[in-house]
There are 2 protein chains.
Amino acid sequence: MTRQELLTRLALRNDRRIVLLVLDGVGDLRTADQPRTALEVARTPILDDLAARSALGRLVPAGTGITPGSGPGHLALFGYEPDSPGADIGRGVLEALGLGLEVPPDTVVARGNFATVDGDGLLLDRRAGRIPTAEGERICRLLARRIEADGGVLGDGVGVEVHAGEAYRFVLLFRAADGTAALEPGLADTDPQQLGTRPLPIEASGGSVAGGSGEAAWETARRIGPVVEELQRELRAEERANTFLLRGFSWLPALPGVDELHRLRPAALAGYPLYRGVARACGMEVLDCGNSFGQALDRLEQCWADFDYFFLHVKGTDMAGEDGDLAAKVGVIEEVDALLPRLLGLGPDVLAISGDHSTPAPMKAHSWHPVPLLLWSECCFVDDCARFTETEAIRGAVGTIPSSELMGLLLANAGKLAKFGA
Amino acid sequence: MTRQELLTRLALRNDRRIVLLVLDGVGDLRTADQPRTALEVARTPILDDLAARSALGRLVPAGTGITPGSGPGHLALFGYEPDSPGADIGRGVLEALGLGLEVPPDTVVARGNFATVDGDGLLLDRRAGRIPTAEGERICRLLARRIEADGGVLGDGVGVEVHAGEAYRFVLLFRAADGTAALEPGLADTDPQQLGTRPLPIEASGGSVAGGSGEAAWETARRIGPVVEELQRELRAEERANTFLLRGFSWLPALPGVDELHRLRPAALAGYPLYRGVARACGMEVLDCGNSFGQALDRLEQCWADFDYFFLHVKGTDMAGEDGDLAAKVGVIEEVDALLPRLLGLGPDVLAISGDHSTPAPMKAHSWHPVPLLLWSECCFVDDCARFTETEAIRGAVGTIPSSELMGLLLANAGKLAKFGA
């Protein structure tokens, strides 16, 4: 019996409420040049008070030394182990889910960038001058009309849908027409990641893809390739977005939802598409809210009675980390601290504050370092840690555990797990 | 997907250099009679300074409570999990590799001791009075002539090779002659570990051996037994080395090398045969160097440009621990400390200092206790630990992790791992 199976077997329903507040990329570094982390620098009276009444610990997102993307980082926080089937959700599917699209099984999704090529077909701009969203939407309508003209099916039985995203981004959904062999997502990116070269043709990636076989990928490439070329030709007359690049071919993994696995009524309050997409893939109800923590709290207050598990996502910490801007990261943490009383005022039975991974300002990127965790409940074990920081958390009562074990700990603190064995 | 498969998938090549300095058996104990460990007693200004700029932690070599031999201890440091196929390399193969011999697949290797029996065939000395190496070599030539006389194949199609080692030690390599069934290594030691008794005959060990089947072992025993007796008879006229004992029957496991698994250019700087053997089995280039740390540093300086992963082995800490000599262990640590500036002067991008296991002086043996780890890189996370000691390491930023996870951590710190997932 795996841990997941055991947790499902022990699941109890009750009306206690769990809040998981994810400060994206909150973990930071002490280095020779940056002697204190963002959490150490920040003035956080509310968090300090909470830490003194809580258990601290550290979460390892995807295994020692492994730097996770946002997908695996969040899936782990929701209880999915890094090596569980489907836990490596592709970027295409994440983008589509984030746009609020339904992604049926057997649908291959790619994330698209509109781009600019010169008269010889060589790349001038991989993002088509970052055209505004309205312009991207207009071009997507162009492509949609072309697709509609053929009844939604192009080439050798390839059903296609196009959906605009933000700015120069869009997604393409491919699905085998009735009576034809299924498509599969083992295709390489067509983005050469380099200007002055041609976009790459559609080819099988050769790598192994969970759930897909190598041969089927070659067959898929043979069928999708001409369709993509046909759509690219449709844009030749455009000034800036006169072609497109595709990345992150993927399909929706068959993830059992956290509702089903843990008998939860889960809600997600996240503004950014990617996180909304991951939450939806995990069976959460994704609620409309803006991009700010204040807006998420507004929504939380409204729907407090309707769910018993709330995932709240704060993006600013990660963005500041990616920018290498320690002061900005400190600022976001202090803003969250100032608003925390509103969250505490709702009286959650279990509150966890952590991150999906570290995004240390000195590295300007995600990293593998353990992320500090603050866990409060009436039975969390009040340890000796005085502040919510990386270093204090080393000696916290929770210890250093895989992120994927957090879900079980939250359920336990909420009394949502029966005893194992007699 | 296993952790190993994930690491391989994420492997990136760059020119940053990793140094793993293994102080064999460095971990020690605090007991009622020995209130401070060797690392605590030693005066180590360089290590102290380094520790203040580093992340500390602890490595568990083979699982809680498991005391590893040198083979599993080092394999874990090189990233092989204790239960991965082939990670339990036999002593015979290690000895042969350490002598610089090629060990082809399907070759069964045993480590031999020349020994002395009395007129009744009862053991008087299990090491033949520790005859000098030249004497051991002479006797090996005797055996080799006997083997050559039969064209290298004795008995029922058993190809045999003999190679002298140090003092009373040698190795025998057995390989099935063309057209005969393969041999396999599931044979018991012939050393009864007791004087006044007869050497044991060749028999199947009955235990399971990775890659071998029980029945094949009985068949191998039937074929090898008479060959061994024939070779033993050849020594009857010798005064001291008038027979031999065989131990550690084994073959070379099919280990994928760290070069292949992690896209490294790995080099080993180790003086003693066993460690050279393990490194070779892991795909490292084993460089000639003496037995001292100073000599290893000489060689390291010469070949710094040619590799990006260096395993340096210091044996003295383990030898002193085995002797129960705390002062000697302290002395070795202080010698290493004094020479460390030469290593630091090369400017490694990642430096790890640890041991393959603990060899506490009060126990005079290997033990299961976690081994302190010092990890330095620009992004290691500078924690609050002031010295490289067992007790400080408990609260280090790396935490307490399996030794087999160290490799991934080193690769991460060297920027040699791509991000996992989008």
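It should be noted that the structure appears before, not after, this text.
Residues numbered from 1 in each chain as written. Chains lettered and ligands numbered in written order. Predicted model: local features only at pLDDT ≥ 70, side-chain atom pairs only at ≥ 80, totals over all residues. Heavy atoms only, no water.

1. Observations concerning the interface of chain B and chain A
- Residue-level contacts link 30 residues of chain B with 29 residues of chain A.
- Together, the buried faces of chain B and chain A total about 2,200 Å²; carbon and sulfur atoms form 60% of this surface.
- Looking only at chain B, the three residues that lose the most surface to chain A are B:Phe381, B:Phe420 and B:Ala422, adding up to 34% of its buried area.
- Joining chain B to chain A, the criterion identifies 1 salt bridge.
- B:Asp384 is paired through a salt bridge with A:Arg30; the nearest N and O atoms lie 2.7 Å apart. (Contact = heavy atoms within 4.5 Å. Buried area = accessible area lost by both parts, 1.4 Å probe. Salt bridge = Lys/Arg side-chain N within 4 Å of Asp/Glu carboxyl O.)

2. Observations concerning the environment of B:Phe244
Residue and element names in this part refer to chain B.
- Following the sequence through the fold, phenylalanine 244 ends up in strand S8 (residues 243-250).
- In this structure phenylalanine 244 comes out as buried when scored by relative accessible area, which is 0%.
- The sequence separation of phenylalanine 244 and tyrosine 168 amounts to 76 residues, and the corresponding C-alpha distance is 9.3 Å.
- Setting aside residues up to four positions removed in sequence, phenylalanine 244 forms contacts with Asn113, Phe114, Ala115, Phe170, Leu172, Val228, Leu231, Gln232 and Leu235. (Helix = DSSP H or I, 4+ residues; strand = E, 2+ residues; numbered from the N terminus. Buried < 20%, exposed > 50% of the residue type's maximum accessible area, 1.4 Å probe, protein only.)

3. A short note on the pattern of salt bridges
Residue and element names in this part refer to chain A.
- In this structure the tally under the stated criterion is 39 salt bridges over all chains.
- Taking the shortest distance from any N to any O, the salt bridge between arginine 342 and aspartate 298 comes out at 2.6 Å. With arginine 342 in helix H12 (residues 326-345) and aspartate 298 in helix H10 (residues 293-303), the pair connects residues that are 44 residues apart, well separated along the chain.
- On the accessibility criterion, arginine 342 (28% relative accessible area) is partly exposed.

4. Remarks on the nonpolar core
- Ranked by size, the top nonpolar core spans 63 residues in total, and within it B:Phe78, B:Tyr309 and B:Phe311 carry the most contacts.
- In terms of residue count, helix H14 (residues 406-413) of chain B provides more of this core than any other element does, 6 residues in total.
- Counting residues in hydrophobic clusters, the runner-up holds 48 residues, among them A:Leu75, A:Ala96, A:Ala270 and A:Leu406. (Core = buried A, V, L, I, M, F, W, Y, C linked by side-chain atoms within 4.5 Å.)

5. Points about the relation of the copies chain B and chain A
- Here chain B sits on chain A after a turn of 123° about the axis and a move of 0.1 Å along it, with an RMSD of 0.2 Å. Interpreted geometrically, this transformation is the action of a three-fold axis. For chain B, the smallest separation between a C-alpha atom and the rotation axis is recorded for B:Arg395, amounting to 3.8 Å. (Least-squares fit on C-alpha atoms with pLDDT ≥ 70 in both.)

6. Here's the deal with the environment of B:Asp48
All names here are of chain B.
- Relative to the assigned elements, aspartate 48 resides in helix H3 (residues 45-52).
- Residue classification places aspartate 48 among the partly exposed positions, given a relative accessible area of 23%.
- Separated by 340 residues in the primary sequence, aspartate 48 and phenylalanine 388 place their C-alpha atoms 6.5 Å from one another.
- Those residues within four positions of aspartate 48 in sequence are excluded, and the remaining contacts are Ala386 and Arg387.
- In this structure the side chain of aspartate 48 is engaged in a polar contact, spanning 2.9 Å, whose partner is the side chain of arginine 387. (Polar contact = N/O pair within 3.5 Å; in protein donor to acceptor, adjacent residues only side chain to side chain.)

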